[in-house]
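Report on the structure
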Amino acid sequence: MTASTMEELVSLCKRRGFIFQSNDIYGGVKGLYDFGPMGVELKNNLKQSWWKSIVYERDDVEGLDSSILTGREVLKHSGHEDTFSDPLIDCKSCKNRFREDQLKDHKCPFCKSKDLTNPRPFNLMFKTSIGPVDDGSSFVYLRPETAQQIFTNFKNVLDSTNKVIPFGIAQIGKAFRNEITPRNFIFRVREFEQLELEFFVLPGQDEKWHKYWIDQRYNWWINQGIDKNNLYLENVESSELSHYSKATVDILYNFPHGKEELEGIANRTDFDLGSHTKNQKDFKISSKVIENDKSTTKLAMQKLEDNSWYIPFVIEPSAGVERGVLALLNEAYKVDEKNSRTILALKPNLSPIKAALIPLKRNNEQIVNFAKKIKNKLQKLGLGRVVLENSGNIGKNYRRHDEIGTPICITVDFETLENNTVTVRDRDTMDQKRINESELNNFYKKYFE
Ligand code: GAP
């Protein structure tokens, strides 16, 4: 078994319908990707696994699905209008624009000219006009992180549920960034999804909860099948911290192109609720917030002991779905040279297809109907997608399902019609055994325990 290169992953993703370059038939648009039939299942499974562990398995977190288009006031007071930018340099000679950190020996990385502008901040947020008049005055942003609408909904969620501190609000959704140099396949893209939790805690208890969430999130990735030898925790240096953060620990992963951020866990202090609350002067806000005379809502809680109002602190674990998918694909990709096959050894709950039913003779009605009956029975168990493979030969089907990570293939043949037994083949061991159809439900369910 050997590890994968980025080229192998890109090729598998295209060949087997995981990920395609977006707008491909018109030459593609850089930094945008589409998830195909297998990709959408893998992505949904990863998101579901996160939602299950963050929302369903806890009693202190509620979910949210807020709008992507975000009004200007939100992203002004969050600090994104002023600070969410990269310093860019223009080459006066070849007219290319590049990030300051790409500059080598004071020369343009494209044409090596030294005729360059000074670095100028370039905001990474996408804007679009809203309403019938497109005169540039009425615009909204495509959110650069899902977090902000969690903060603006803080009181709505608090009033409509019975939460007491500490508690969290979780959201999965798209975020958009006009990255100057999208690269490394789906690692750095312009449209991506985030898994974000804003966990509200008492001021003074923030450091304890920060440690707690670093631990939780690190272990969660291991539970998804990531080898702990490929994961690293790194303290973000103070000069590199985002404008809202007091401390951030990144979970890095050994991607095929190098060790890079998979998830960040930030201590956002009282910056966000403090920035968006009305009557800021009524509170002791510890962070440096932009003055707010537009907010209509107090984003604060009352202490139980004396009913005094305070702004909660926030711990934020924030992961990218695309980076998660890339890490999972990289971990799962195995070349079995002995048997001349490639396998995606994904955990069964993450596999795009849970089981494939393969009728030995595709034009034998009895065999096909039997396979269909089993497919429907397993599908009803609700553990994910089960497919009927009524084309191609059995060897080709096995190879395809090994490559997309299907944990079991079930073959229906003439013997099935005589004694109700089917052949089940395990993806990882290639072991095959005959079992009675009546045992199949339990056999199948065991893969997901
Ligand atoms: N709300 C906090 C926040 O957005 P971030 O570190 O900028 O923090 C969080 O982003 C996560 O989102 C990152 O750890 C990464 O997994 C993912 N991410 C950020 N920018 C990305 C991009 N351009 N392409 C793909 N994923 C990205």
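Scroll up for the structure.
Residues numbered from 1 in each chain as written. Predicted model: local features only at pLDDT ≥ 70, side-chain atom pairs only at ≥ 80, totals over all residues. Heavy atoms only, no water.

1. Remarks on the state of the cysteines
The full count for this structure, using the stated rule, is zero disulfides. Left unpaired, Cys91 is separated from the closest cysteine sulfur, that of Cys94, by 3.6 Å. Considering cysteine sulfurs only, Cys13 is the nearest to Cys409, which forms no disulfide, with 19 Å between them. Judged by its relative accessible area of 1%, Cys409 is buried. (Disulfide = S-S within 2.5 Å. Buried < 20%, exposed > 50% of the residue type's maximum accessible area, 1.4 Å probe, protein only.)

2. So, helix H9 (residues 321–332)
Here H9 contains 12 residues, and its C-alpha end-to-end distance of 16 Å stays within 8% of the 16 Å for a straight helix at 1.5 Å per residue. The buried fraction of H9 is high, at 12 of 12 residues. For H9, the set of buried residues is Val321, Glu322, Arg323, Gly324, Val325, Leu326, Ala327, Leu328, Leu329, Asn330, Glu331 and Ala332. (Helix = DSSP H or I, 4+ residues; strand = E, 2+ residues; numbered from the N terminus. Expected span 1.5 Å × (residues − 1).)

3. A look at the packing of aromatic side chains
Counting across every chain of the model gives 17 aromatic pairs. With a centroid separation of 5.2 Å and 70 degrees between ring planes, the pair formed by Tyr444 and Phe448 is classed as edge-to-face. As far as the burial class goes, Tyr444 and Phe448 line up, both buried. Taken together, Phe151, Phe154, Phe167 and Phe200 form an aromatic cluster joined through their ring pairs. Sitting over the face of the ring of Phe35, Lys43 holds its NZ or CZ atom 4.3 Å from the ring centroid. Taking NZ or CZ as reference, Lys298 lies 3.6 Å from the ring centre of Trp309, over its face. (Phe/Tyr/Trp six-rings, centres within 6.5 Å; stacked < 30°, edge-to-face > 60°. Lys NZ or Arg CZ within 6 Å of the ring centre and 35° of its normal.)

4. Topic: the sheet that holds strand E5 (residues 85–90)
One open sheet holds the three strands; their spatial order is E6-E5-E7, and the pairing between them is antiparallel. Both outer strands of the open sheet, strand E6 (97–99) and strand E7 (120–123), are each paired with one neighbouring strand and no more. Direction aside, neighbouring strands of the sheet carry axes that sit 50 degrees apart on average. Taken together, the three bridges between E5 and E6 define a ladder with antiparallel strand orientation. Bridging from a neighbouring strand, Leu88 pairs with Arg99 of E6. (Pairing = 2+ DSSP bridges. Axes fitted to C-alpha atoms, helices over the stretch in contact; angles between N-to-C directions.)

None of this, on its own, says anything about what the molecule does.
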